[in-house]
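What follows is the residue order along each chain.
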Amino acid sequence: AASAMDWQVLTRELSLYLESQVRVGLFGSGVGLSLVLGFGVAYACYYLSSIAKKPQLVASNDRFCRFLEEYCPVVTETYYPTIWCWEGRVQTLLRPFITSRPQVQYRNELIKTADGGQISLDWFDNNDSLYYPDASTRPTVLLLPGLTGTSKESYILHMIHQSKTLGYRCVVFNNRGIAGEDLLTPRTYCAANTEDLEAVIHHVHSLHPSAPFMAAGVSMGGMLLLNYLGKTGRDTPLMAAAIFSAGWNVFESVESLEKPLNWLLFNYYLTTCLQSSISRHRQMLEKLFDMDLVMKARTVREFDKQFTSVMFGYRTIDDYYEDASPCRKLKSVGIPVLCLNSVDDVFSPGHAIPVETAKQNANVALVLTSCGGHIGFLEGIWPRKCTYMDRVFKQFVQAIFEHGNKIFSM
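Per an unreviewed UniProt entry, the protein goes by the name Phospholipase ABHD3 and belongs to Oceanites oceanicus. Under the UniProt heading Sequence similarities (unreviewed entry), the note attached to the protein is "Belongs to the AB hydrolase superfamily. AB hydrolase 4 family." Here the protein is described in UniProt, under the heading Subcellular location (unreviewed entry), as follows: "Membrane".

Q: How do you make sense of the environment of T299 when you look at a structure like this?
A: Secondary-structure assignment places T299 in the loop between α11 (291-294) and α12 (300-311). The sequence separation of T299 and F266 amounts to 33 residues, and the corresponding C-alpha distance is 9.6 Å. In terms of polar contacts, T299 uses its side chain to reach the backbone amide nitrogen of E302, at 3.1 Å.

Q: Sorry if this is basic, but what is going on with the packing of α12 against helix α13 (residues 317-324) here?
A: Between two packed helices, what matters for the description is the angle formed by their axes and the separation of those axes. Packing of α12 against α13 brings their axes to within 9 Å, and their N-to-C directions diverge by 95°. Classed by the angle they form, the pair α12 and α13 counts as roughly perpendicular. When α12 is examined against α13, the residues V300, R301, D304, K305, T308 and S309 are found in contact with a partner set consisting of I317, Y320 and Y321. For the contact of α12 with α13, a count of residues per class yields four nonpolar, two polar and three charged.

Q: Can you walk me through the sheet that holds strand β3 (residues 118-124) in this structure?
A: Within a beta sheet, neighbouring strands are joined by backbone hydrogen bonds and run either parallel or antiparallel to one another. An order of β1-β9-β8-β7-β6-β4-β5-β3-β2 is seen for the nine strands of this open sheet, with the pairing classed as mixed. Bordering the open sheet on either side are β1 (56-59) and β2 (107-112), each of which pairs with just one other strand. Averaged over neighbouring strand pairs, the angle between their axes works out to 20° when direction is ignored. Sheet topology places strand β6 (residues 213-218) next to strand β7 (residues 241-244); four bridges connect them, and they run parallel. Looking at the pairing, V218 lines up with F244 of β7. Sitting on the sheet, helix α5 (residues 154-166) touches β3, β4 (140-144), β5 (169-174), β6 and β7, and the angle it makes with β4 is about 170°.

Parameters and conventions
- Residues numbered from 1 in each chain as written.
- Predicted model: local features only at pLDDT ≥ 70, side-chain atom pairs only at ≥ 80, totals over all residues.
- Heavy atoms only, no water.
- UniProt positions renumbered as here; feature names shortened; annotations may be inferred.
- Helix = DSSP H or I, 4+ residues; strand = E, 2+ residues; numbered from the N terminus.
- Polar contact = N/O pair within 3.5 Å; in protein donor to acceptor, adjacent residues only side chain to side chain.
- Axes fitted to C-alpha atoms, helices over the stretch in contact; angles between N-to-C directions.
- Parallel < 35°, antiparallel > 145°, perpendicular 65-115°, else oblique.
- Contact = heavy atoms within 4.5 Å.
- Nonpolar A, V, L, I, M, F, W, Y, C, P; charged D, E, K, R; others polar.
- Pairing = 2+ DSSP bridges.

Here it is, written out as structure tokens:
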């Protein structure tokens with residue numbers, strides 16, 4: 001009885017306090033408070049009924065499904081996006097500014113390529129690993145950042161932080177000319193050409209041939225990884241792969257990004273980032289390209305037409321985009337792959353996600369959330385630390401390294 005009375009007193013005092021804080025109009029404080037409380041209740045009901053949902057898990061292989069449900073249960077749990085910024089564009093824009101940046105000490109390595117170029121790898125060796133003190137058998141995760149991303153991206157730093165707690169080693173594949181190293185040849189990178197990635201995977205595996213080895217790619221890094229897996233099938237030293245916010249169909253991606261609001265918020269900025277990434281190498285690239293024309297591009301499509309497709313020898317921009325689209329190679333993937341996308345991602349529209357193709361490959365599982373944007377997946381009231389994407393990464397990587405034998409016979 002005493003506790004019930006205390007609760008009544010507390011409730012009355014809270015109501016009085018709220019009433020005193022609400023700006024009231026002609027109808028008095030009671031109406032003002034009722035409006036605020038009514039709006040709050042209505043918003044909460046809308047959020048719980050329409051925003052917070054379990055992701056859609058698409059997998060044709062029952063064994064793979066059961067494996068995920070048991071060892072990566074986050075893919076079956078309700079995703080509660082941050083209540084005040086659940087919309088896809090907002091999540092995409094805010095993530096780089098809101099999320100923290102864990103401190104990571106890298107060891108840099110430059111490796112040579114067959115054409116005379118060089119690639120920058122950033123290693124997190126995790127030599128203090130308690131679970132895997134033997135470096136020769138310490139599990140290794142290869143990380144592939146997005147289009148203009150490097151090892152300094154917050155989402156990469158969080159993946160390394162998650163891997164560190166599990167005792168794993170990480171190595172970040174920085175695309176040519178992006179991470180401060182010089183271009184030794186007039187060539188950068190694209191989503192379709194997997195030669196550099198093949199060289200990196202071979203190099204990492206040759207250094208630690210006894211270590212379990214998998215990869216995770218984000219955005220364009222995920223597209224590149226999928227295109228590599230579609231090309232190699234089972235002939236790869238990778239045990240498995242995780243893909244986050246990949247653009248599945250490049251035609252649909254650029255069309256979405258060229259809509260007026262998306263162009264204003266994302267396309268123009270991304271184009272300037274691409275131009276900035278090559279401007280430092282202008283003297284080298286001018287040997288093959290009209291750099292003044294490249295620098296006039298105002299969309300990603302224009303940049304790819306004048307620069308990327310030409311660099312890699314495609315006859316037309318459409319030929320390049322067709323070759324770069326992972327949806328066309330998904331059926332050939334030969335190792336377990338988990339792919340996380342949000343259907344409200346303007347970089348990879350929900351209608352372009354190859355659900356039916358995924359159902360035809362027993363090695364593929366799609367996890368589709370209703371909210372999350374592009375590399376967003378923010379959750380919690382103040383989403384500084386761990387995102388839903390981080391949790392999927394951590395659970396899946398741990399599941400593969402510690403229980404992967406349960407699906408490798410499929």
